[in-house]
Amino acid sequence: MNTTIQRWLVAVMLALVGMVASVHAADVDPREEIEAVLDKKFSDGKYSRQGADGCMRCHDDQSEKPATGIFDNIHGMAANKHGPMSDRQCEACHGPADNHPRNPRRGQMREPMITFGPDSPVSSEKQNSVCLSCHTDSSRSAWHSSEHAFEDLSCSSCHKVHQKDDPMMTPKLQVETCTSCHSKTKSDLHKRTSHPILNGDMQCSSCHDPHQTVNEYSLNFSSINETCYDCHAEKRGPFLWEHEPVTEDCTLCHNPHGSINSGMLDKRLPQLCQDCHKVPHANVDIPENDLRVRGGSCMNCHNQVHGSNHPRGSALRY
Ligand code: HEC
Ligand code: HEC
Ligand code: HEC
Ligand code: HEC
Ligand code: HEC
Ligand code: HEC
Ligand code: HEC
Ligand code: HEC
Ligand code: HEC
Ligand code: HEC
C-alpha cells in the first residue's frame, strides 16, 4: 500500500505543478480535471469507516452500477489474508471514498472514484500501480519493460475482477480476449493446421507470458526453440546428424499459430526445401522419373528432417 501512496503523492505533486502552470489555459480537459480530483482525494486519504457495507448501500444488484460481482471473485473473499477485503476493501482499488457518497439531489457534489479500463480518465500507468502494489511477484515486476506496458495497456484490458472467473484463467476467454486485438493471429488459428487452441486444449499463455519481454516475443522461455522443446522434447536431440535450421529456429519452417499447409509449414513441400536447397542432388544420381521425386515430397526419402541418430543418417534419410 505504502508504495502506491508514495507513487500517487509524486503524481499529485506533478499534477499540482501542472495545474498552476495551466491555470490560464482556455480549455481544461475534463478527464484531466477528474484525474486531478482523484489525485487530491488519494493524497488526503479519507477512507470510509463502513468499508464495503457502505458502498453496497448504493452499488447492489438493483443499482445503476452494481458491484456485487466482486464477491464471486478471489478479490472479494474476506478469508483471503492479503486480499483487499481484509484491509481497505473496495477502497483498496477504487481509492478513498471521501465525498463520493454524497447526494447530488440535495445539491451536494458527488466526487468521482478511481475507475479502470480503456475508458477511464485515469492513466493506465496509475491504474496499474494500484494492482501492482499487491502483485509484486517476479513476472509482474517485469511488467514495466513489456511490449504491452509500452503500448499503454492496463491490467484490466485483459483481467476482470468483478466476475467469478478471470478471463485469463479460462482458455477460451483468454484466446478471445487476445485475438480481439491480434487479428492476424486470429486468422492463422482458423487455417487448415494449427495447435489445438480453438478447442481450448492450449491457449496463448502456453507459449507467451504477456507481462514481460525479457524473452523475445514475450515467450515463456529464453528462445523460440526452448519454448517448443517444452512440449516437443524429442526434437531437442542431441542428434548425430543435425539439420541446421532445426537447431537454429523452428519457425524457419513452421508457423506456430497455424497455416494453410500440412504440419503448420510456412510453405508447401517441396517448395519449402527448395528455397534453401536450390539445386539439390548435384552429386547424386536420382532418375527424374523416380516416383518418389514426382510425388513432390523430399520427405519421401529425407524423412528424418529434424535430425538423425543413424550411423548412415547424414542425409537425414534414416
Ligand atoms: C481488486 C480491485 C477491486 C476491488 C477490491 C473492487 N473493485 Fe470495483 N472495479 C475494479 C475494476 C478493475 C473494475 C473495472 C471492471 C473489471 O475489471 O471488472 C471495477 C469496476 C467497478 C464499478 C463499475 C465502474 C464503471 O465505470 O462502471 C463499480 C461501481 C465498482 N467497481 C465498485 C466496487 C465496489 C462497491 C467494490 C467493493 C464491494 C469494489 N468495486 C471492489 C477493481 C476493484
Ligand atoms: C450514496 C450512494 C453511493 C455510495 C454510498 C457509494 N456510491 Fe459509488 N456511485 C454512486 C452513484 C450514483 C454512481 C454513479 C455516478 C455517475 O454515473 O455519475 C457511483 C459511481 C461509482 C463508481 C464509478 C466511477 C464514478 O466515479 O462514476 C465507482 C468505482 C464507485 N461508485 C465506487 C464506490 C465505492 C468503492 C463506494 C464505497 C466506498 C461507493 N461507490 C459508495 C453512488 C454511491
Ligand atoms: C489489496 C491487494 C490486491 C490488489 C489491490 C489487487 N489484488 Fe489481485 N490478488 C490479490 C490476492 C491476495 C490474490 C489471490 C492470489 C494470491 O494469493 O496471489 C489476487 C489474485 C489475482 C489474480 C489471479 C486470479 C485467479 O483467479 O487466480 C489476478 C489475475 C489478479 N489478482 C489481478 C489483479 C488486478 C488486475 C488488480 C487491479 C485491478 C488487482 N489484482 C489488485 C491481491 C490484490
Ligand atoms: C495482455 C493481457 C494481460 C495483461 C495486460 C495483464 N495480464 Fe496478467 N495475466 C494474463 C494471462 C494470459 C495470465 C495467465 C497466465 C498463466 O496462465 O500462467 C495472467 C495471469 C496473471 C496473474 C495470476 C498469475 C498466477 O500465476 O496465478 C496475476 C496476479 C496477474 N496476471 C496480474 C496482472 C497485473 C497486475 C497486470 C497489470 C500490471 C496484468 N496482469 C496485465 C494476461 C494479462
Ligand atoms: C487491448 C489490445 C491487446 C490485447 C487484449 C492483447 N494485446 Fe498483445 N499486443 C498489443 C499491442 C498493441 C502490441 C504491440 C504491437 C504488436 O505487436 O501488434 C502487442 C504485442 C504483443 C506481442 C509481441 C510482443 C513482443 O515482445 O514482441 C505478443 C506476443 C502479444 N502481444 C501477445 C498477446 C497475448 C498472448 C494476449 C492475451 C493474453 C494479448 N497479446 C492481448 C495489444 C493487445
Ligand atoms: C505454440 C506456441 C505458441 C502459441 C500457442 C501462441 N504463440 Fe504467438 N508466437 C509464438 C512464437 C514462436 C512467436 C515468434 C515467432 C513468430 O512470429 O512466428 C510468436 C509471435 C507472436 C506475436 C508477435 C509476432 C506476430 O505474429 O505479430 C503475437 C502478437 C502473438 N504471437 C500472439 C499470440 C496469440 C494472441 C496467441 C493465442 C491465440 C498466441 N500467440 C499463441 C508461439 C506461440
Ligand atoms: C504447451 C505445449 C506445446 C508447445 C509449447 C508447443 N507445442 Fe506444438 N503441439 C502441441 C500439441 C498438443 C500438438 C498436437 C499434437 C497432436 O495433435 O497429436 C502440437 C503439434 C505440433 C505440430 C504438428 C501439427 C500437425 O498438424 O501435425 C507442429 C509442427 C508443432 N506442434 C510445432 C511446434 C512449434 C514450432 C512450437 C514452438 C514454437 C511448438 N509446437 C510448441 C503442444 C505444444
Ligand atoms: C527444415 C524445416 C523444418 C524445421 C526447421 C523444423 N521442422 Fe518440424 N517438420 C518439418 C516438416 C517438413 C514436417 C512434416 C510436416 C507434414 O506433416 O507435412 C515437420 C513436422 C513436425 C511435427 C509433427 C510431426 C512430428 O514429427 O512429430 C512437429 C511436432 C514438429 N515438426 C516440430 C518441430 C520443432 C519443435 C522444430 C524446432 C525444434 C521443428 N519442427 C523444426 C520441417 C521442419
Ligand atoms: C532455412 C533453410 C533450410 C530449409 C528450409 C531446409 N534446409 Fe536442409 N539444410 C539447410 C542447411 C543450412 C543445411 C546444412 C548445410 C548444408 O549442408 O547445405 C541443410 C542440410 C540438409 C541435408 C543434409 C545435407 C548434407 O550435406 O548431407 C539434407 C538432406 C536436407 N538439408 C534436406 C532438407 C529437406 C528435405 C528440407 C525440406 C523439408 C530442407 N532441407 C529444408 C537449410 C535448410
Ligand atoms: C528418391 C529419393 C530422394 C528424394 C525424393 C530426394 N532426395 Fe535428396 N538425396 C537422396 C539421396 C540418395 C541422397 C544422397 C544421400 C547420401 O549421400 O547418403 C540425397 C542427398 C540430398 C542432399 C545432400 C547432397 C546434395 O546433393 O546436396 C540434399 C541437400 C538433398 N538430398 C535435398 C533434397 C531435396 C530438397 C529434395 C526435394 C526436392 C530431395 N532431396 C528429394 C534421395 C532423395
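Just above, that's the structure.
Described in the following lines is the structure provided in the data block. On a predicted model such as this, the values are computed, not experimentally measured, just so you know.

**As for unusual backbone geometry**
Part 1 of the reasoning: In this structure, Pro238 follows Gly237 across a cis peptide bond, with omega equal to 10°.
Part 2 of the reasoning: The omega torsion across Leu269 and Pro270 is 0°, close enough to zero to call that bond cis.
Part 3 of the reasoning: The residue Pro270 is located in the loop between helix 11 (244–248) and helix 12 (271–276) in this model.
Part 4 of the reasoning: Positive phi, normally seen in glycine, also occurs at Asp152, with a value near 70°.
Part 5 of the reasoning: Positionally, Asp152 belongs in the loop between helix 7 (147–150) and helix 8 (171–181).
Part 6 of the reasoning: Backbone geometry at Tyr217 places phi at a positive 50°, although glycine is not the residue there.
Part 7 of the reasoning: As for its placement among the helices and strands, Tyr217 is situated in the loop between helix 9 (183–189) and helix 10 (224–229).

**What about a negative patch on the surface?**
Part 1 of the reasoning: Taken together, the side chains of Glu125, Glu147, Glu151 and Asp152 present a region of like negative charge at the surface.
Part 2 of the reasoning: Looking at the element boundaries, Glu125 is found in helix 5 (residues 124–134).
Part 3 of the reasoning: When its relative accessible area of 61% is taken as the criterion, Glu125 is described as exposed.

**Side note on the site of ligand 6**
Part 1 of the reasoning: Around ligand 6, a shell composed of 17 residues is seen, among which His182, Cys204, Cys207, His208 and His257 lie nearest.
Part 2 of the reasoning: One of the side-chain nitrogen or oxygen atoms of His208 is found 2.8 Å away from a nitrogen atom of ligand 6.
Part 3 of the reasoning: Measuring from a nitrogen atom of ligand 6, one finds a side-chain N or O atom of His257 at 2.8 Å.
Part 4 of the reasoning: Taken together, the elements giving at least two residues each to the shell around ligand 6 come down to helix 8 and helix 9.
Part 5 of the reasoning: Of the residues assigned to the shell around ligand 6, the class counts are nine nonpolar, eight polar and no charged.

**So, the coordination of the iron atom of ligand 3**
Part 1 of the reasoning: Within the protein, the atoms that donate to the iron atom of ligand 3 are His75 (NE2) and His135 (NE2), at distances of 2.0 Å.
Part 2 of the reasoning: Given six donor atoms and angles of 88 to 179° at the metal, the environment of the iron atom of ligand 3 is assigned as octahedral. Of this pair, His75 sits in the loop between helix 3 (52–56) and helix 4 (90–94) while His135 sits in the loop between helix 5 and helix 6 (138–141); the two residues are 60 residues apart in sequence, bridging distant segments of the chain.
Part 3 of the reasoning: According to the relative accessible area criterion, His75 is partly exposed, its value standing at 27%.
Part 4 of the reasoning: What makes His135 partly exposed here is its relative accessible area of 39%.

**Digging into the site of ligand 9**
Part 1 of the reasoning: The environment of ligand 9 is made up of 15 residues, and the closest members are His243, Cys273, Cys276, His277 and Ala315.
Part 2 of the reasoning: A distance of 2.8 Å separates a nitrogen atom of ligand 9 from a polar atom in the side chain of His243.
Part 3 of the reasoning: Taking Ser314, its main chain carries an N or O atom lying 3.3 Å from an oxygen atom of ligand 9.
Part 4 of the reasoning: Of all the secondary-structure elements, those providing two or more residues to the shell around ligand 9 are helix 11 and helix 12.
Part 5 of the reasoning: The biggest single contributor to the shell around ligand 9 is helix 12, with three residues.
Part 6 of the reasoning: Split into classes, the residues belonging to the shell around ligand 9 amount to ten nonpolar, four polar and one charged.

About the criteria used
- Residues numbered from 1 in each chain as written.
- Chains lettered and ligands numbered in written order.
- Predicted model: local features only at pLDDT ≥ 70, side-chain atom pairs only at ≥ 80, totals over all residues.
- Heavy atoms only, no water.
- Helix = DSSP H or I, 4+ residues; strand = E, 2+ residues; numbered from the N terminus.
- Patch = residues over 30% accessible without salt bridge, like charges linked within 9 Å, V, L, I, M, F, W, Y side chains within 5 Å.
- Areas by Shrake-Rupley, 256 points an atom, 1.4 Å probe, with all protein chains shown as cover.
- Salt bridge = Lys/Arg side-chain N within 4 Å of Asp/Glu carboxyl O.
- Lys, Arg positive; Asp, Glu negative; His and termini not counted.
- Charge placed at Lys NZ, Arg CZ, Asp CG, Glu CD.
- Buried < 20%, exposed > 50% of the residue type's maximum accessible area, 1.4 Å probe, protein only.
- Near = heavy atom within 4 Å.
- Polar contact = N/O pair within 3.5 Å; in protein donor to acceptor, adjacent residues only side chain to side chain.
- Nonpolar A, V, L, I, M, F, W, Y, C, P; charged D, E, K, R; others polar.
- Donors = N, O, S within 2.8 Å, 3.2 Å for Na, K, Ca; no water.
- Tetrahedral: all angles 85-135°; square planar, octahedral: opposite > 155°, others 65-115°.

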